[in-house]
Amino acid sequence: MNKKLTPSQVLHVWTFTIAIQMLFDLIVEFKYQSYWYFNQGVEWEGLLPRIFLIPPINIIFLNGYPFSNGFLRKFLYLLFFVAGIIFL
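Bear in mind the structure is a predicted one, so any value in this text is a computation, not a measurement.

## Points about the overall build of the chain
Then comes step 1: The number of helices and strands found in the chain is 4 helices and 0 strands.
Then comes step 2: Ordering the α and β elements of the chain from the N terminus gives α-α-α-α.
Then comes step 3: By the burial criterion, 17% of the 88 residues in the chain qualify as buried.
Then comes step 4: A fraction of 58% describes how many contacts in the chain between residues 6 or more apart in sequence connect residues 24 or more apart.
Then comes step 5: Carbon and sulfur atoms make up 73% of the accessible area of the chain, which totals about 7,100 Å².

Next comes the structure, spelled out in structure tokens:
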């Protein structure tokens, strides 16, 4: 599916996505005492989807993003992409 990004860019997207996701989860979990729906502590089974599911979605998003088009086209792309994620 990757047609526009270089391997270096893919690596950067993958690393940045994992780092930001883990940082957000740590802040929400330990600072605000959230995410403890069923049991306290770190839920390690949630680590695999964060590593192998979310970064490819970001790469797919960036491959189709209309960087050289106008604001309206960029906004519509973002709107339809988010709607597709929510409703599918």
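## Looking at the pattern of salt bridges
Then comes step 1: Within the structure shown, the criterion is met by 1 salt bridge.
Then comes step 2: The partner of Asp25 in a salt bridge is Arg50, and the shortest N-O contact between them spans 2.7 Å. Linking Asp25 in helix H1 (residues 7-31) with Arg50 in helix H2 (residues 47-52), this pair joins segments that are 25 residues apart in sequence.
Then comes step 3: Since its relative accessible area comes to 5%, Asp25 is described here as buried.

Each value, and the rule that gives it
Residues numbered from 1 in each chain as written. Predicted model: local features only at pLDDT ≥ 70, side-chain atom pairs only at ≥ 80, totals over all residues. Heavy atoms only, no water. Helix = DSSP H or I, 4+ residues; strand = E, 2+ residues; numbered from the N terminus. Buried < 20%, exposed > 50% of the residue type's maximum accessible area, 1.4 Å probe, protein only. Contact = heavy atoms within 4.5 Å. Areas by Shrake-Rupley, 256 points an atom, 1.4 Å probe, with all protein chains shown as cover. Salt bridge = Lys/Arg side-chain N within 4 Å of Asp/Glu carboxyl O.

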